[in-house]
Amino acid sequence: MRLPQYPQLHDTARLREVARLGLDREAPREYLAGMVEEVSGRIGTPFAVLDALLDDSQVFLAGCGPIPAWAGEVGGTPVEWAFCTRLLTGGKPLFIPDTAQDPEHRDNPLVRVEGVRSYIGAPLISTNGHVVGGLCALDVQPRQFAEADLAYLAGMADETVRRIEEHADRAS
């Protein structure tokens, strides 16, 4: 399914960048596990996820918290369910205080079935300038996030990209 509001999902240069970084395939990424744990603890959410956005799916690169077993087993979700798609258009951190009230996500199965009620995320922007995914924290309660949370998450996203690119350089 195409999401017309996010043509960036199908941008060939962006998808090549995702592939260059090795984010388009399943692989162990222990070097990223501590990032999501730190984000969850610092922001105070039960979940944190690091994802790559492909043209048709959101692939989980690392996660912590009680992520639904089915999502962990398949390693992601359809891209239509990804909260991080919004990061493609602005290239800046953002939050959704109540996903059940958000027109784009209120019917999302992650909201209606799994109970995700708030989201904060920062884009993973490669050194070539492409948004390849997101680093996000999720809660089962509606909530506001502070500007300091957005700034912290942006810094962690930058560090995450540095690690991903370093790892990709060593692998090539």
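Just so it is clear, the model here is predicted, and its values are computed rather than measured. Here the residue numbering is sequential within each chain, running from 1 through the sequence in written order. Residues qualify for local features only when their pLDDT is at least 70, as the model is predicted, and side-chain atom pairs are given and counted only at 80 or more; totals for whole chains, interfaces and linings, by contrast, use all residues. The side-chain numbers reported here are obtained from all heavy atoms of the structure, hydrogens and water having been left aside.

Points about the side chain of Ser57
The numbering of helices and of strands both runs from the N terminus, where a helix is a DSSP run of H or I of at least 4 residues and a strand a run of E of at least 2. Within the secondary structure, Ser57 sits in strand E2 (residues 57–64). A distance of 3.5 Å separates the side chain of Ser57 from the side chain of Asp56, its partner in a polar contact. Any pair of N or O atoms that falls within 3.5 Å is considered a polar contact. Within protein, one atom must be able to donate a hydrogen and the other to accept it, and sequence-neighbouring residues count only if both atoms are side-chain atoms.

Section: the environment of Thr85
Take Thr85: it is sitting in the loop between strand E3 (76–78) and helix H4 (87–90). With a 1.4 Å probe rolled over the protein chains alone, any residue whose accessible area is under 20% of its type maximum counts as buried; one over 50% counts as exposed, and the rest are partly exposed. A residue is classified by how much of its surface remains accessible, and Thr85, at 1% relative accessible area, is buried. When the C-alpha positions of Thr85 and Phe60 are compared, they lie 14 Å apart, and in sequence the two are 25 residues distant. Between two residues, a contact is recorded if the distance between any of their heavy atoms is within 4.5 Å. Residues within four places of Thr85 in sequence aside, it is in contact with Tyr6, Leu9, Leu53, Val79 and Glu104. A polar atom in the side chain of Thr85 sits 3.0 Å from the backbone oxygen of Ala82.

A short note on the confidence of the model for the chain
Mean pLDDT over the chain stands at 91; residues scoring 70 or higher make up 94%. pLDDT expresses how confident the predictor is about each individual residue, on a scale running from 0 to 100. Within the chain, no element has a lower average pLDDT than helix H3 (residues 69–74), which sits at 56, and none a higher one than strand E5 (residues 118–125), at 98.

A closer look at the nonpolar core
Nonpolar side chains in soluble globular proteins generally cluster together in the buried interior. Only buried residues count toward a nonpolar core, which is a set of Ala, Val, Leu, Ile, Met, Phe, Trp, Tyr and Cys residues joined through side-chain atoms within 4.5 Å. Within the largest apolar cluster, 31 residues are counted, with the highest numbers of intra-cluster contacts made by Leu23, Val39, Ile43, Leu50, Leu61, Leu124 and Leu135. Of all elements in the fold, only helix H2 (30–43), strand E1 (47–53), E2, E5, strand E6 (131–139) and helix H6 (147–171) reach the threshold of two or more residues within this core. Per-element accounting of this core gives the leading share, eight residues, to H6. Excluding anything up to four places from it in sequence, Leu135 contacts Val36, Val39, Val49, Leu50, Ile120, Gly121, Ala122, Leu124, Leu153, Met156, Ala157 and Thr160.

Examining the packing of aromatic side chains
Ring pairs are drawn from Phe, Tyr and Trp, using the six-membered ring of Trp, whenever the two centres fall within 6.5 Å, and their geometry is named by plane angle: stacked under 30 degrees, edge-to-face over 60, tilted for the rest. In this structure the tally under the stated criterion is two aromatic pairs. Ring centres 5.8 Å apart and planes at 65° place the aromatic pair Phe95 and Phe145 in the edge-to-face group. Taken as a pair, Phe95 in strand E4 (residues 94–96) and Phe145 in the loop between E6 and H6 lie far apart in primary sequence, 50 residues in all. Taking the relative accessible area as the measure of exposure, Phe95 reaches 24% and is therefore partly exposed. Charge-over-ring contacts are defined here by two conditions on Lys NZ or Arg CZ: a distance within 6 Å of the ring centre and an angle within 35 degrees of the ring normal. The aromatic ring of Tyr152 is capped on one face by Arg42, whose charged end is 4.6 Å from the ring centroid.

Digging into the pattern of salt bridges
One side-chain nitrogen of Lys or Arg within 4 Å of one carboxyl oxygen of Asp or Glu is enough to make a salt bridge. Scanning the entire structure with this criterion turns up 13 salt bridges. The closest approach of N and O atoms between Arg86 and Glu104, which form a salt bridge, is 3.0 Å. Taken together, the positions of Arg86 in the loop between E3 and H4 and Glu104 in the loop between E4 and helix H5 (109–112) put the pair 18 residues apart, joining distant regions of the chain. The shortest N-O distance in the salt bridge between Glu159 and Arg162 comes to 2.5 Å.

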